[in-house]
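# Observations on the three-dimensional arrangement
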Amino acid sequence: MINPFYNTDLISVKTLNREQVLAILQLAARFKERACHNTTCIPAPLAGKIIANCFFEPSTRTRLSFESAALRLGAQCIGFANASTTSVAKGESLQDSIRMLANYADLLVIRHPKAGAAQLAAEVSDKPVINAGDGSNQHPTQALIDLFTIQAAQMTLESLSIALVGDLKYSRTVHSLIQLCTLFNMRLFLVAPPALALPDSTCDQLKWQGIRFSHHQDLATVLPRVDVVYMTRLQRERLLDSETLICLQPFQITTHLLKQAAPHLKILHPLPRLSEIMPEVDKTSHAYYFEQAANAVYVRKALLTLLLSEATNVS
Ligand code: CP
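This section reports on the structure supplied with the text. Here the structure is a predicted model, which means the values were calculated and not measured. (Residues numbered from 1 in each chain as written. Predicted model: local features only at pLDDT ≥ 70, side-chain atom pairs only at ≥ 80, totals over all residues. Heavy atoms only, no water.)

For the rest of this paragraph, the subject is the sheet that holds strand E3 (residues 107-112). Across the sheet, 4 strands lie side by side as E2-E1-E3-E4; this open sheet has parallel pairing. Bordering the open sheet on either side are strand E2 (76-80) and strand E4 (129-134), each of which pairs with just one other strand. Geometrically, the sheet is characterised by an average inter-axis angle of 15° between neighbouring strands, direction not taken into account. Relative to E3, strand E1 (residues 50-55) is paired through 5 bridges, and the arrangement is parallel. From the neighbouring strand, Ile51 faces E3, where its bridge partner is Leu107. Sheet contacts for helix H3 (residues 94-104): E1, E2 and E3; angle to E3, the most-contacted strand, approximately 150°. In the packing of helix H10 (residues 289-308) onto the sheet, contacts are made with E1, E3 and E4, and the angle to E3 comes to roughly 130°. (Pairing = 2+ DSSP bridges. Helix = DSSP H or I, 4+ residues; strand = E, 2+ residues; numbered from the N terminus. Axes fitted to C-alpha atoms, helices over the stretch in contact; angles between N-to-C directions. Contact = heavy atoms within 4.5 Å.)

Here the structure, examined in full by the defined rule, presents 9 salt bridges. One salt bridge connects Arg238 with Glu237, and the closest N-O pair in it is separated by 3.8 Å. On the basis of relative accessible area, Arg238 is assigned to the buried category, the value being 12%. Relative accessible area serves as the criterion here: at 45%, Glu237 is assigned to the partly exposed category. One continuous salt-bridge network, built from bridges that share partners, spans Glu57, Arg172, Arg233, Glu237 and Arg238. (Salt bridge = Lys/Arg side-chain N within 4 Å of Asp/Glu carboxyl O. Buried < 20%, exposed > 50% of the residue type's maximum accessible area, 1.4 Å probe, protein only.)

Inspection of the secondary structure assignment puts Gln179 in helix H6 (residues 172-182). For Gln179, a relative accessible area of 16% corresponds to the buried category. Residues Gln179 and Gln205, spaced 26 residues apart in sequence, show a C-alpha to C-alpha distance of 9.7 Å.

With that settled, the discussion passes to the site of the ligand. As a structural note, the neighbourhood of the ligand is formed by Ser59, Thr60, Arg61, Thr62, Arg111, His139, Gln142, Pro270 and Leu271. In this structure, a nitrogen atom belonging to the ligand sits 3.0 Å away from a side-chain N or O atom of Gln142. Here the ligand loses 91% of its free accessible area of 250 Å² to cover by the protein chains. (Near = heavy atom within 4 Å. Polar contact = N/O pair within 3.5 Å; in protein donor to acceptor, adjacent residues only side chain to side chain. Areas by Shrake-Rupley, 256 points an atom, 1.4 Å probe, with all protein chains shown as cover.)

The end-to-end C-alpha distance of H10, which contains 20 residues, comes to 29 Å, matching closely the 28 Å that a straight helix rising 1.5 Å per residue would cover. The largest bend along H10 reaches roughly 30° and is located at Asn295. Burial of H10 is extensive: 16 of the 20 residues sit out of reach of the surface. (Expected span 1.5 Å × (residues − 1). Bend = angle between axes of the 7 residues up to and from the residue.)

Our next topic: the environment of Asp146. Within the secondary structure, Asp146 sits in helix H5 (residues 140-154). Take Asp146: its relative accessible area is 0%, and that puts it in the buried class. Distance from Asp146 to Pro270, taken between C-alpha atoms, is 7.7 Å for residues 124 residues apart in sequence.

Moving on: the sheet that holds strand E5 (residues 161-165). Read across the sheet, 5 strands follow the order E7-E6-E5-E8-E9 without closing on themselves; strand pairing throughout is parallel. Each end of this open sheet is capped by a strand with a single partner; those strands are strand E7 (213-216) and strand E9 (266-268). Taken pair by pair, the neighbouring strands of this sheet meet at an average axis angle of 20°, ignoring direction. Pairing analysis gives 4 bridges linking strand E6 (residues 187-191) to E7, with the strands arranged parallel. What sits directly across from Leu190, in E7, is His215.

Spatial relationships are all this shows, so hold off on functional conclusions.
Okay, here's the thing in structure tokens:
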């Protein structure tokens, strides 16, 4: 039987249903269970494949964990971390750049500052495209990593309470993760200054879906009520001129604030962090953001395997 993910694009989490999400997480868990990164003792299911990592915007975790995942699966990587070293600097269009890259690779991973760029790339590429973040729109692979990490931390995804904190207007990881939370009946606490609140269009969609959510400006009152806190940084690179004085300092998480948290509460952050999580928090049992970053390789191994393997028995 053909693997339903084979040769498809991953541009938005909106195209994934609950069953598909669970299948991705299950395969990622199997990669994690094995946790054998020694390429001499595991098969190389993607041997002979080439992954193009095309990063038109800075990245540490996404680019390097995709590269690590590909290499551990036996694939090889090409690409760039800075578009100024490509012919984009001479004025080549995104569409023409992607058409070229699709000639050289079996799958394209693209990060771009403009919302919609990954969709545009998928429309001109005859190879699968994975969206590694497009403006403030979507970051589907990060959201799958977040969900995988929540499941590992709380042993379930069903009906959890999650606080999403900080820049909810521009954070693409939040925009993707919220969509996935709706598949598992999660209760959402949206903690942000009014100027960086979740966009009305997303709130309207949540209402229409019957999702339980509420707006807050005080993290201290929300903290005792949740299983997971998802922190975000101020997305300075996307702010309008009128927003540059916004400060997330009142939303900072400290060990003092954590005295009110349930013992099982876990803090996630897609990283990089600025000052929203104090370093003193790293040593507490609530800190889970470094495990979250480590999980990136397992989830991205699962995604590369699913998109590039024709058979269903891809593990
Ligand atoms: N989480 C994330 O997207 O990190 P990078 O910007 O470092 O890739």
